[in-house]
Amino acid sequence: MTYQRKEVIGDCTLYQGDCLEVMTTLGEFDAVVTDPPYGMSFRSNYRKSKHAAIANDKDCGLFEWACQIPVRHSRYVFCRWDNLLEASRPRSCVTWVKNNWSMGDLSHEHARQTEVALFYPGPEHDFPNGRPTDVIQASRTGNEHHPTEKPVALMRAVVSWTRGQVLDPFMGSGTTGVACVNLGRKFTGIEIDPGYFDIAVRRIEEAYKQPRLFEEPAPKPVQERISFDGDAS
């Protein structure tokens, strides 16, 4: 067995295990929306109660792998600005503007109020709701569930730029899954840490108890062949 635990909650399938192993059994997905380990061994110094360290965060290997996961529609991979040297070249860099500054060198570096997500279109890509800008504003969370937690509103916007079933191989506390529930989208999440996996399960269960405010974008229109008199049928 390639995973320690599997939970199916509505249209969400969650695996606790190593994504490199679990992914070998899952096949290709329509979209990837993920926030992989950046290779920075991050633990916040500003919380009274400390989160567990992020698994496999000592180098950029998993980040580089995430940037190349095969998809049919699109792939969005969050990273630090200095990860750009390790990433395969994206088509766009989407900048997330936060409501306060982020970690970094307090004495010799500008206070960062942004993070970026790298965008890679797949062979069946289109923009479901029209062409979005490459800047999005969303207030950061207090990292209640995870040390690098993303706001649900941010992930909901990113998911809305994709189509089909969404994969997050570094699910963490399940924010991408919650966004998919909000939008009525199918979701597969993988998380290696059992504590964060439990949090993700709980959050996604709670999301299903809330009224759905958003719907999946309409299918991409397909031009039907028009037959004229004399054409072969």
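It should be noted that the structure appears before, not after, this text.
Asker: Help me understand the overall build of the protein chain, please; the structure alone is not making it clear to me.
Answerer: When you go through the protein chain residue by residue, the secondary structure sums to 5 helices and 9 strands. For the protein chain, the sequential pattern of α-helices and β-strands runs β-β-α-β-α-β-β-β-β-α-β-α-β-α. The long-range share in the protein chain, meaning contacts at least 24 apart out of those at least 6 apart in sequence, stands at 69%. Only carbon and sulfur atoms are counted for the fraction: they give 50% of the accessible area of the protein chain, which is about 12700 Å².

Asker: Got a minute to help me understand the sheet that holds strand β2 (residues 12-16) in this structure?
Answerer: Strands in a sheet are paired, the pairing made by backbone hydrogen bonds, and the direction either parallel or antiparallel. Pairing is mixed in the open sheet, where 9 strands are placed in the order β1-β2-β9-β8-β3-β4-β6-β5-β7. Where the open sheet ends on each side, the last strands, each with one partner, are β1 (5-9) and β7 (135-137). Pairwise comparison of adjacent strand axes, ignoring direction, gives a mean angle of 20° for this sheet. Bridging between strand β5 (residues 92-97) and strand β6 (residues 114-121) involves 6 bridges; their strand directions are antiparallel. Looking at β6, one finds that W96 is bridged to E115. Of the strands in this sheet, β1, β2 and β9 (187-191) are in contact with helix α5 (residues 194-208), which crosses β1 at around 10°.

Asker: Can you help me understand the layout of surface pockets in this one?
Answerer: To find the voids left in a structure, one rolls a probe of water-molecule size over its atoms. There is about 170 Å³ of room inside the second largest pocket. What lines the second largest pocket is Y76, S92, V94, F119, F127, R131, P132, T133 and D134. Of the residues belonging to the lining of the second largest pocket, the class tally is 5 nonpolar, 2 polar and 2 charged.

Asker: What's the story with the pattern of salt bridges in this structure? I'm lost.
Answerer: Any two side chains of opposite charge can pair, so long as their charged atoms come close to each other. Tallied over the entire structure, the rule returns 11 salt bridges. For R72, the salt bridge is made with D30, and the minimal N-O distance between the two is 2.9 Å. Note that R72 is positioned in strand β4 (residues 71-79) and D30 in strand β3 (residues 29-34), a separation of 42 residues in sequence. Given the relative accessible area of 26%, R72 is considered partly exposed. Linking D126 and R163 is a salt bridge whose minimum nitrogen-to-oxygen distance equals 2.9 Å. One end of the pair, D126, is in the loop between β6 and β7; the other, R163, is in the loop between α3 (152-160) and β8 (166-168), and 37 residues separate them in sequence. Relative accessible area serves as the criterion here: at 14%, D126 is assigned to the buried category. Taking relative accessible area as the criterion, R163 reaches 14% and is therefore assigned buried. One network of salt bridges, in which partners are shared, links D35, K98, E115 and K150.

Asker: Is there a simple way to explain the packing of aromatic side chains in this structure?
Answerer: The geometry of an aromatic ring pair is captured by two quantities: the separation of the ring centres and the angle between the planes. Within the structure shown, the criterion is met by 5 aromatic pairs. For the pair Y3 and Y15, a centre-to-centre distance of 5.1 Å together with 65° between the ring planes defines the contact as edge-to-face. With Y3 in the segment before β1 and Y15 in strand β2, this residue pair connects regions lying 12 residues apart in the sequence. For Y3, a relative accessible area of 23% puts it in the partly exposed group.

Parameters at a glance
As a convention, each chain's residues are numbered from 1 in the sequence order in which they are written. It should be noted that, the model being predicted, local features are given only for residues of pLDDT at least 70 and side-chain atom pairs only at 80 or more, the latter also being counted only at that level, while totals for whole chains, interfaces and linings use all residues. The basis for the side-chain values is all heavy atoms of the structure; hydrogens and waters are excluded. Working definition: helices are DSSP H or I runs of at least four residues, strands are E runs of at least two. Numbering for both runs from the N terminus. Throughout, a residue-residue contact means that at least one pair of heavy atoms, one from each residue, lies within 4.5 Å. To measure how exposed things are, a 1.4 Å probe is used in the Shrake-Rupley method; for residues, cover is taken only from the protein chains shown. By definition, two strands form a pair when at least two bridges between them are found by DSSP. Here an axis means a line fitted to C-alpha atoms, over the contact stretch when the element is a helix, while the angle between two N-to-C directions is reported on a 0 to 180 degree scale. Any residue with an atom within 4 Å of a point lines the site, the site being either a cavity, points on a 1 Å grid over the protein atoms alone where a 1.4 Å probe fits but cannot get out, or a pocket, an open set with protein on both sides within 12 Å along at least 5 of 7 lines. Grid points are joined across faces, edges and corners, and a volume is the space filled by probe spheres set on the points. Only Asp, Glu, Lys and Arg are considered charged, only Ala, Val, Leu, Ile, Met, Phe, Trp, Tyr, Cys and Pro nonpolar, and every remaining residue, Gly among them, polar. For this analysis, a salt bridge means a side-chain nitrogen from Lys or Arg found within 4 Å of a carboxyl oxygen belonging to Asp or Glu. Burial here depends on accessible area, computed with a 1.4 Å probe over protein chains only, as a share of the maximum for the residue type. Under 20% is buried, over 50% is exposed, and the range in between is partly exposed. We call Phe, Tyr and Trp rings a pair once their centres come within 6.5 Å, taking the six-membered ring for Trp, and we label the pair stacked below 30 degrees between planes, edge-to-face above 60, and tilted otherwise.

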